[in-house]
Amino acid sequence: MGNLIKVLGKDLENCPHFFLDFENAQPTEAETAVWNQVSAVLEEAHGILAELQSYNGAGQEIREAIQNPGDLALQEKAWNAVCPLVAKLKRFYEFSLRLENALRSLLEALTSPPYAPMQHLEREQALAKQFAEILHFTLSFDELKMTNPAIQNDFSYYRRTISRNRLNNQQLDAENEVNNEMANRMSLFYAEATPMLKTLSNATTKFVSENKTLPIEDTTDCLSTMACVCRVMLETPEYRCRFTNTDTMLFCMRVMVGVIILYDHVHPVGAFAKTSKIDMKGCIKVLKEQPSNSVEGLLNALRYTTRHLNDDSTSKQIRALLQ
C-alpha cells in the first residue's frame, strides 16, 4: 500500500483527505535537491531542542549581582554566566533564519505549477513529511520557550549590562559576538510568545506576497490539505494503528495546529470562517479527546497565536470549544 492513500471526506465535501505516512516517506529523484537542502537544516533541529530543554538560565547569579551592585566579583560572575547563554540564544535565532529559508524552498516545491497542491502532496510525500517536521519542531520549540522565563531575563540583563558599559565607554568582549544590531533583532524575536511560529507565519505571508503570479489558494490549499491529513489520521482508529512510533500521535497534532495557524495568518478570512477549507470543529475536537497535559500548549497556540479567532465571522461554537 502506498504512503499516501486517498480517503473519502467525511465532514467537508471539498476537503481532500489523505493518509500520509509521516514515518517512512522517502524522497524520489525529483525531490532530492530540495530534500537534501531541507534535511541539512532539520539535522540541527534535535540539537536545538535538546539545548533549549536543558536551558536553566543564570537567574541566581543575576539576582546576586543586582542585589550587590558594588561587588565586582559578583558582577563578573553574573556576566560570565550570561555570556555563554546569550551565545546559545544567538544560535537559536540564527537557526530560525535557516528554518525560514527551508520553509520557503518547500513552499516553492509544493505549490509550483503545473500541479495543484493536492497533486504535489501525492507526488512529493518526502517533502510533505519535511514540511510537517518543520512545523513539529516549531511548536515544540515554542512550547519550551513559553515555559522558560529565564530566556528573556538573561537577555534583558545582558542588554542592560552592555548599555551600562557603553555609557561608561567600556567595550565588552561579548559585543563582538552579539553586536547592537543583532541584539535588536534577537530582542524582537524573543519578545514573541511563540517566536518560531511567528517566523514561519511571516515567511509564509512574505512568500505569498512575493509570488504574485501564484494564486494565494495554491498556498492555503496546501496548508488546509495537510490539516485534513492530520485530522483524519488522528480521528480514525485504523490509521492510528499504523503508527509504529508512539510519538507520531503528538507529531500529527503539532503539525495540524501549525498548518492551521499558518493558514489563519495567510488566508484573507482565516481558518475560523464558515468558508474555511479547514474543519476547525473537527480539529479542536480531536485535540480535546487527548490527555490535557499533552495538548494544552497546542490549544493555547490556537487561542493566542491565530489572527482571526476573535473575528465576528467566527462562530460562537468554535469560540466556546476554545474557552
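Please read all numbers here as calculations on a predicted model, not as lab measurements. (Residues numbered from 1 in each chain as written. Predicted model: local features only at pLDDT ≥ 70, side-chain atom pairs only at ≥ 80, totals over all residues. Heavy atoms only, no water.)

Caption draft 1: Structural detail: the nonpolar core. The biggest cluster of nonpolar side chains holds 100 residues, and the ones touching the most others in it are Phe22, Phe131, Phe137, Met186, Met226, Ile260 and Leu287. Residue assignment places this core across two domains, with domain 1 (28-130 + 141-192) and domain 2 (214-322) each supplying three or more. In this view, Phe131 contacts Leu103, Leu106, Leu107, Leu110, Leu223, Met226, Val259 and Leu262; residues no more than four positions away in its chain are not counted. (Core = buried A, V, L, I, M, F, W, Y, C linked by side-chain atoms within 4.5 Å. Buried < 20%, exposed > 50% of the residue type's maximum accessible area, 1.4 Å probe, protein only. Domains from an automatic or database assignment. Contact = heavy atoms within 4.5 Å.)

Caption draft 2: Spatial organisation of the packing of aromatic side chains. Counted according to the given criterion, the structure contains nine aromatic pairs. Ring centres of Tyr93 and Phe189 lie 5.5 Å apart, and the angle between their planes is 70°; this geometry places the pair in the edge-to-face category. Note that Tyr93 is positioned in helix α3 (residues 72-111) and Phe189 in helix α7 (residues 180-191), a separation of 96 residues in sequence. For the pair formed by Tyr93 and Phe189, the shared burial category is buried. Ring centres of Phe155 and Tyr190 lie 6.5 Å apart, and the angle between their planes is 50°; on these two criteria the pair is classed as tilted. Taken together, the positions of Phe155 in helix α6 (residues 150-167) and Tyr190 in helix α7 put the pair 35 residues apart, joining distant regions of the chain. Members of the aromatic cluster, joined through ring pairs, are Trp79, Tyr93, Phe155, Tyr158, Phe189 and Tyr190. (Phe/Tyr/Trp six-rings, centres within 6.5 Å; stacked < 30°, edge-to-face > 60°. Helix = DSSP H or I, 4+ residues; strand = E, 2+ residues; numbered from the N terminus.)

Caption draft 3: Just the domain arrangement of the chain, in detail. Domain annotation for the chain reports domain 1 (28-130 + 141-192) and domain 2 (214-322). Counting from both sides, the interface comprises eight residues of domain 1 and, opposite them, 10 residues of domain 2. When the buried surface of domain 1 facing domain 2 is broken down by residue, Thr111, Pro117 and Glu143 rank first, second and third, together holding 50% of it. Here Arg254 and Glu143 are joined by a salt bridge, their closest N and O atoms 3.1 Å apart. Joining domain 1 to domain 2, the criterion identifies one residue pair in polar contact (both at pLDDT 80 or more). Among the secondary structure elements, those contributing two or more residues to the side of domain 1 that touches domain 2 are α3, α4 (117-123) and α5 (125-146). A per-class count over the side of domain 1 that touches domain 2 returns six nonpolar, one polar and one charged. (Buried area = accessible area lost by both parts, 1.4 Å probe. Salt bridge = Lys/Arg side-chain N within 4 Å of Asp/Glu carboxyl O. Polar contact = N/O pair within 3.5 Å; in protein donor to acceptor, adjacent residues only side chain to side chain. Nonpolar A, V, L, I, M, F, W, Y, C, P; charged D, E, K, R; others polar.)

Caption draft 4: Local environment of the pattern of salt bridges. Within this structure, the stated rule accounts for 13 salt bridges. Asp221 is paired through a salt bridge with Lys277; the nearest N and O atoms lie 3.1 Å apart. In this pair, Asp221 is assigned in helix α9 (residues 216-235) and Lys277 in the loop between α11 (248-266) and α12 (280-288), connecting sequence segments 56 residues apart. Residue class for Asp221 comes out buried when judged on its relative accessible area of 18%.

Caption draft 5: Up close: the environment of Cys241. Mapped onto the fold, Cys241 is located in the loop between α10 (237-240) and α11. Residue classification places Cys241 among the exposed positions, given a relative accessible area of 60%. Sequence separation of Cys241 and Gln67 is 174 residues, and the distance between their C-alpha atoms is 57 Å.

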